[in-house]
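Coordinate inspection notes
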Amino acid sequence: MGRAFQNRKVSMAKTASAKTKVYSRYGREVYMAAKNGGVDPTANLTLRSLIERAKKDQVPSHVLDKAIEKAKGGGGEDFQPSLYEGIAPGGCLVLISALTDNANRTFGDIRGIFTKCKAKLGSQGSVSYMFDHRAMFVFAGDDEEAALEVLMMADVDVADIDCEEGMITVLVPPTEYFKTKTALTEMNPAIDFEVEEITYLPQTDHSVTSDDVASFERFVGLLNDLEDVAQIYHNGVFE
C-alpha cells in the first residue's frame, strides 16, 4: 500500500492561474463550512480542518478570512457538492468532484468536455463503485502497530494501515475522519500529516498507453479550467 496506495488525484501546475483556482476552491469550501457549521474554527471541526489544509497549500489568509466574513452575513451563494463519473480518453475510469451553485451549468460544461474529447460520461454509480471512498492520513513513522493500537483504543473503524519507506498510511471511512485525526494527534501532538483528506482510491489499475496520454492530458486540462471542478480522480497508470 503506502505511497503506491495514495489516491491518483490530478495535480495542477503551479502557475498563477492554477493558484487562483486553488484559492477559489478553498474559498468556496471554507464559505460553505462556515455557513453550515458556524464561523468559529474551534467549534466547527470541518472548518478548522479546511483552514489547516488551506494553509498547507499556501492559500493566503485574506482569502480564508474573506470567505468566513462572507458566511457571517448569511444568504449568498449555496454551493452543493456533485460527483460526475465516466471513462476518460485511454479507457481509464475517472471521477470528477465539483462544488457548484448551478448544477445544470456544471453538468453541461462537463458533458461538453467529455463529448469534445471523445470520452464517455457515465450515469450515477456507473464508475464510483470501482473506487473506495476513504479518509486518508499519511505521516512519518515506522511503528504501525502502535498507531493501530491507539486507533483501536479510540474505537476507530480502521479500513487499512500500512508502513512503507518510513511513512504510515491510515485509511478509514469518511465518517471517522475527525475521530482518527484526534486520536493520532493525541498520540503525537507534534504529528505532521503529509496527507489528511477525504478521497477516492481506485480498486484496480488501468494502463494508459503512450498514444493516449496526450488525449488524457488535454481532457484533464479542460476540466481543470472549469471553476466548479474541485478534484479529479482516476485509475490510470501511464506507460
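Residues numbered from 1 in each chain as written. Predicted model: local features only at pLDDT ≥ 70, side-chain atom pairs only at ≥ 80, totals over all residues. Heavy atoms only, no water.

**Topic: the sheet that holds strand β7 (residues 193-202)**
Across the sheet, four strands lie side by side as β5-β6-β4-β7; this open sheet has antiparallel pairing. A strand with exactly one partner marks an edge of an open sheet, and here the two such strands are β5 (160-164) and β7. The sheet shows a mean angle of 20° between the axes of neighbouring strands, direction not considered. Pairing geometry for β5 and strand β6 (residues 167-172), over five bridges, is antiparallel. The residue bridging I161 from the neighbouring strand is V170, located in β6. (Pairing = 2+ DSSP bridges. Helix = DSSP H or I, 4+ residues; strand = E, 2+ residues; numbered from the N terminus. Axes fitted to C-alpha atoms, helices over the stretch in contact; angles between N-to-C directions.)

**As for the sheet that holds strand β9 (residues 229-234)**
Taken in spatial order, the four strands of this open sheet run β3-β1-β2-β9, and their pairing is antiparallel. Either end of the sheet is taken by a strand with one partner, and the two such strands are β3 (120-121) and β9. Pairing of strand β2 (residues 93-100) with β9 involves five bridges; the strand directions are antiparallel. The partner of I96 across the bridge, within β9, is I232. Running at roughly 150° to β2, helix α4 (residues 103-116) makes contact with β1 (80-87), β2, β3 and β9 of the sheet. (Contact = heavy atoms within 4.5 Å.)

**Points about unusual backbone geometry**
The residue D155 is not glycine, and still its phi comes out positive at about 65°. Examined against the element boundaries, D155 turns out to sit in the loop between α5 (144-153) and β5. The class of D155 is exposed, set by a relative accessible area of 59%. Its identity as a non-glycine residue notwithstanding, E165 has a phi of 55°, on the positive side. Examined against the element boundaries, E165 turns out to sit in the loop between β5 and β6. Take E165: its relative accessible area is 65%, and that puts it in the exposed class. (Buried < 20%, exposed > 50% of the residue type's maximum accessible area, 1.4 Å probe, protein only.)

**Concerning the pairing of β2**
Of all eight residues in β2, eight are buried; the element is thus mostly enclosed. Residues L93, L95, S97 and L99 point to one face of β2 and V94, I96, A98 and T100 to the other, with burial holding for every one of them. For β1 and β2, the ladder comprises eight bridges, and the chain directions are antiparallel. Opposite G86, over in β2, you have V94 as the bridge partner. Two successive antiparallel strands, β1 and β2, enclose a turn made up of five residues, where G90 displays a positive phi of approximately 95°.

**Observations regarding the packing of aromatic side chains**
In this description, an aromatic ring pair is defined by two values, namely the gap between the centres and the angle between the planes. According to the stated counting rule, one finds nine aromatic pairs in the structure shown. Seen from their ring centres, Y177 and F178 are 5.0 Å apart, and the 80° between their planes marks the pair as edge-to-face. Among the residues examined, F178 registers a relative accessible area of 29% and is labelled partly exposed. The ring of Y26 carries R25 above its face, with NZ or CZ at 4.7 Å from the centroid. For K70, the ring lying beneath its charged end belongs to Y31, and the centroid distance is 5.1 Å. (Phe/Tyr/Trp six-rings, centres within 6.5 Å; stacked < 30°, edge-to-face > 60°. Lys NZ or Arg CZ within 6 Å of the ring centre and 35° of its normal.)

**Details of the side chain of T100**
Examined against the element boundaries, T100 turns out to sit in strand β2. In this structure the side chain of T100 is engaged in a polar contact, spanning 2.9 Å, whose partner is the backbone nitrogen of N102. Side-chain polar atoms of T100 contact the side chain of T106, separated by 2.6 Å. Setting aside chain neighbours within four positions, we find T100 in contact with R28, D78, F79, Q80, S82, R105, T106 and D228. (Polar contact = N/O pair within 3.5 Å; in protein donor to acceptor, adjacent residues only side chain to side chain.)

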